[in-house]
Amino acid sequence: MPISAWIMLAVGVIILFGGVVLCLFKMRRKKDRGYTEDTRSS
Amino acid sequence: MCYANGGGAFLIPYFVALLTAGIPIMILEFSLGHRISRPAPMALGNVKKGFEILGWFALLIGFGICTYYAVVMGWCFNYLGFSVNLAWGQNTESFFFNQFLKISDSPMQIGGIQWMIVLGLALTWVCVIAAIWKGVKTVGKVVYFTVIIPWVILIVLVIRGITLPGALEGLRFYLTPQFSALLDYKVWLAAYSQVFFSLTIGFGVQITYASFLPKKADVVNNAFIVSLANNATSFLGGFAVFSTLGYYAHQTGLPVSEVVKSGPHLAFVTYPTIISMLPFAASIFGILFFLMLLTLGIDSAFSLVEAGAASIIDKFKLKRIHVNIGFAIIAGLVGLVYTTQSGLYWLDIVDYFMNNYGLLVVGIVQCFAVGYFYSHKDIHDYVKRHPHDRSIFSIPAKIVELRKYANSKSDFTIGVWWDFCVKYLTPVVVGILFLTNIIERVKSPYGGYSRWAEFLGGWLVIIVFVVVAVILYRKKGSK
């Protein structure tokens, strides 16, 4: 495959799959934080 | 879509459309739905009364799409059965067009109804209505199956595809950008339409679903996850499709660019041909492929139906069971047009108009409505709480309040780039593409069809939807 195809592959994987993983990671961190706060308040 | 628009070249406008229109409008719809907590027509009517018409129009576009989408799912039900003994035989093209659809010569030669397709259509509507029987409660459970099953099957098909001989040639075609295609406005129009269609934005669906979210839900992060995960699935799907096309090209000795036509040809002619060529377990891969299409299609269909049903229930306070069954009967009856021998022609015309005109118009006007007219009673409270934030005082900056609301509910924040996209970039880019396409249609009818067929299947449908939207807006709701 030409180099431009590999670049498209990398861009697609980084933007789409990387973006999803980043957002899920953020959401998970928020959930963990929320859980800790709830525990403290109780 | 990717295949018909220059292969790898399509991915560039597709990503641009995702970042400049898809994600900004997704955030807009999520924020508005979450903020107002009502379905699309009422949420847009809250921005300014008259925009309720836009909400109903958006839902009617979804209804229009449902009518033929369910027929395509009906084809899938039939092909699921055909997969068991590979009933399509050696000449898959003749089987699909001549034996299965019994296609006529033109849209005006209606021909008879194909009863096997009607049976598939009825089965589809039964599944859709069962999925939304108790609204979001059942939808929330059904999506565990309709999302996980196709993903598992997709991974199986990707692995099978890329391990076939010639797969690399197909992937090369998929991923190599042909920069000359970027000069063609049709490629950009297709990219924007596809982003609208695949993200279900401009249908009023995301506004309605966001209205069901808990008040603590993360608006921006959810919008990003939905947009990126959807497009990641499409991107992955490309590997399954193009690797098998590479295999097909390898087996037939033809270049990848010549082995397939766009549209239903890919799923119902080329793919069955490839399935028949597979060295082992051809039937199983056939069943998996059509089961994947079915679950994905039913998933999309019930999201559209639920958005419409929720809006009607909200405004007219009708019983859910009556709305669901009424919706299925009306959409099923309209769908009979696509089960006739000329059904494929009408499906093609209506699909083109719904995607290229209906959705884009809703997208543009929705940006305009929220970008320039959005106002909320909480703006006054916000001013009291943030006396030093001067941006809120400029009238066009009312959208700032919606952005701040979204940010207040989100783990990571959006900046002024979002305001810029909603107010200027998205409406201007989509507007230019829309107008260019209108001019093209004035010059010549779509797809080489007659002017009369184009009017009946395209313009007339749009006009009817506008009239019905106005009637629904003017009709008094029940308290």
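Since this is a predicted model, take the numbers as computed values, not measurements.

Cut-offs and rules
- Residues numbered from 1 in each chain as written.
- Chains lettered and ligands numbered in written order.
- Predicted model: local features only at pLDDT ≥ 70, side-chain atom pairs only at ≥ 80, totals over all residues.
- Heavy atoms only, no water.
- Core = buried A, V, L, I, M, F, W, Y, C linked by side-chain atoms within 4.5 Å.
- Buried < 20%, exposed > 50% of the residue type's maximum accessible area, 1.4 Å probe, protein only.
- Helix = DSSP H or I, 4+ residues; strand = E, 2+ residues; numbered from the N terminus.
- Contact = heavy atoms within 4.5 Å.
- Salt bridge = Lys/Arg side-chain N within 4 Å of Asp/Glu carboxyl O.
- Patch = residues over 30% accessible without salt bridge, like charges linked within 9 Å, V, L, I, M, F, W, Y side chains within 5 Å.
- Areas by Shrake-Rupley, 256 points an atom, 1.4 Å probe, with all protein chains shown as cover.
- Polar contact = N/O pair within 3.5 Å; in protein donor to acceptor, adjacent residues only side chain to side chain.
- Axes fitted to C-alpha atoms, helices over the stretch in contact; angles between N-to-C directions.
- Left-handed = near helix turned anticlockwise from the far one by under 90°.
- Nonpolar A, V, L, I, M, F, W, Y, C, P; charged D, E, K, R; others polar.
- pLDDT = per-residue confidence, 0-100.
- Phe/Tyr/Trp six-rings, centres within 6.5 Å; stacked < 30°, edge-to-face > 60°.
- Parallel < 35°, antiparallel > 145°, perpendicular 65-115°, else oblique.
- Expected span 1.5 Å × (residues − 1).

1. Re the nonpolar core
All names here are of chain B. Counting 165 residues, the largest nonpolar core has Trp75 and Trp125 as its most contacted members. Per-element accounting of this core gives the leading share, 21 residues, to helix H3 (residues 52-85). Trp125 has contacts with Cys66, Ala70, Val305, Phe327, Ala328, Ala331 and Gly332, leaving out every residue within four places of it along the chain.

2. Here we look at the pattern of salt bridges
Once the charged atoms of two side chains with opposite charge are near each other, the side chains can pair. Residue and element names in this part refer to chain B. A complete count under the given rule lists 9 salt bridges over all chains for this structure. Residue Glu401 pairs with Arg35 through a salt bridge whose shortest N-O separation is 2.3 Å. Within this pair, whereas Glu401 is found in helix H16 (residues 398-408), its partner Arg35 is found in helix H1 (residues 11-36), the two being separated by 366 residues in sequence. In this pair, the class of Glu401 matches that of Arg35, namely buried. Here Lys49 makes a salt bridge to Glu52, at a shortest N to O gap of 3.3 Å. Through salt bridges with shared partners, a single network forms among Lys49, Glu52 and Lys315.

3. A look at a nonpolar patch on the surface
Residue and element names in this part refer to chain B. Where nonpolar side chains cluster on the molecular surface, the patch consists of Val84, Tyr144, Phe145, Val147, Ile148, Ile149, Val152, Val156, Ile287 and Leu291 and spans about 870 Å² of accessible area. Secondary structure elements with two or more residues in the nonpolar patch: helix H6 (136-162) and helix H12 (282-316). Relative to the elements of secondary structure, Leu291 occurs in helix H12.

4. Concerning the interface of chain A and chain B
Facing the 20 residues of chain A at the interface are 29 residues of chain B. Remark: the boundary between chain A and chain B carries 0 salt bridges. Counting every contact that joins chain A to chain B gives 1 residue pair in polar contact (both at pLDDT 80 or more).

5. Focus: the packing of H6(B) against helix H10 (residues 219-252) of chain B
Residues and elements named next belong to chain B. Between H6 and H10, whose axes approach to 8 Å, the crossing angle comes to 35 degrees. For the pair H6 and H10, the sense of crossing is left-handed. On the side of H6, the interface is formed by Trp151, Leu154, Ile155, Leu157, Val158, Gly161 and Ile162, while H10 contributes Thr233, Leu236, Gly237, Phe239, Ala240, Ser243 and Thr244. In terms of residue class, the contact of H6 with H10 is built from 9 nonpolar, 5 polar and no charged.

6. Regarding the confidence of the model for chain B
Note: predicted coordinates in regions of low pLDDT should not be interpreted at a detailed level. Residue and element names in this part refer to chain B. In this model, chain B carries a mean pLDDT of 86, and residues with pLDDT of at least 70 account for 94%. Scored below 50 in pLDDT, residues 392-396 shows 8 contacts in the model against residues more than four places distant or in partner chains. Of the two predicted TM-score estimates for the complex, the pTM is 0.85 and the ipTM is 0.78.

7. Thoughts on the packing of aromatic side chains
Residues and elements named next belong to chain B. With the rule as written, the count across this model stands at 48 aromatic pairs over all chains. Relative to Phe95, the ring of Tyr79 lies with its centre 6.1 Å away and its plane at 80 degrees, an arrangement referred to as edge-to-face. Highlighted residues: Tyr79 in helix H3 and Phe95 in helix H4 (residues 92-100), separated in sequence by 16 residues. Tyr79 gets classed as buried once you look at its relative accessible area, which sits at 0%. A relative accessible area of 8% means that Phe95 is categorised as buried. Measuring from ring centre to ring centre gives 4.7 Å for Tyr174 and Phe242, while their planes differ by 10 degrees; the resulting arrangement is stacked. Here Tyr174 is found in helix H7 (residues 167-175), whereas its partner Phe242 is found in helix H10, with 68 residues between them in sequence. Following the ring pairs from residue to residue traces out a cluster consisting of Trp75, Tyr79, Phe82, Trp88, Phe95, Phe96, Phe97, Phe100, Phe268, Tyr271, Phe289 and Phe290.

8. Concerning the side chain of Ser31(B)
Position of Ser31(B) among the secondary structure elements: in helix H1. When its relative accessible area of 0% is taken as the criterion, Ser31(B) is described as buried.

9. Notes on the packing of H10(B) against helix H11 (residues 264-277) of chain B
The relative placement of two packed helices comes down to the angle between their axes together with the axis-to-axis distance. Residues and elements named next belong to chain B. Packing of H10 against H11 leaves a shortest axis separation of 10 Å and a crossing angle of 60 degrees. Put simply, H10 runs oblique to H11. Here H10 runs over H11; the crossing is left-handed. Contacts from Ala240, Val241, Thr244, Leu245, Tyr247, Tyr248, Gln251 and Thr252 of H10 reach H11 at Leu266, Thr270, Tyr271, Thr273, Ile274 and Met277. Partitioned by chemical class, the residues of the contact of H10 with H11 number 9 nonpolar, 5 polar and no charged.

10. Side note on unusual backbone geometry
Residue and element names in this part refer to chain B. For Lys102, which is not glycine, the phi torsion reads 50 degrees and is therefore positive. Locating Lys102 in the fold gives a position in the loop between H4 and helix H5 (115-131). For Lys102, a relative accessible area of 39% gives the class partly exposed. The residue Thr200 is not glycine, and still its phi comes out positive at about 55 degrees. You can see Thr200 is positioned in the loop between helix H8 (185-199) and helix H9 (205-211).

11. Digging into H11(B)
All names here are of chain B. The end-to-end C-alpha distance of H11 is 19 Å, a good match for the 20 Å that 14 residues give at a rise of 1.5 Å each. Within H11, 10 of the 14 residues are buried, which leaves it mostly tucked inside the rest of the structure. The set of residues buried in H11 consists of His265, Ala267, Phe268, Val269, Thr270, Tyr271, Pro272, Thr273, Ile274 and Ile275. Looking at the buried positions of H11, the neighbouring elements they touch are H3, H4, H10 and H12.

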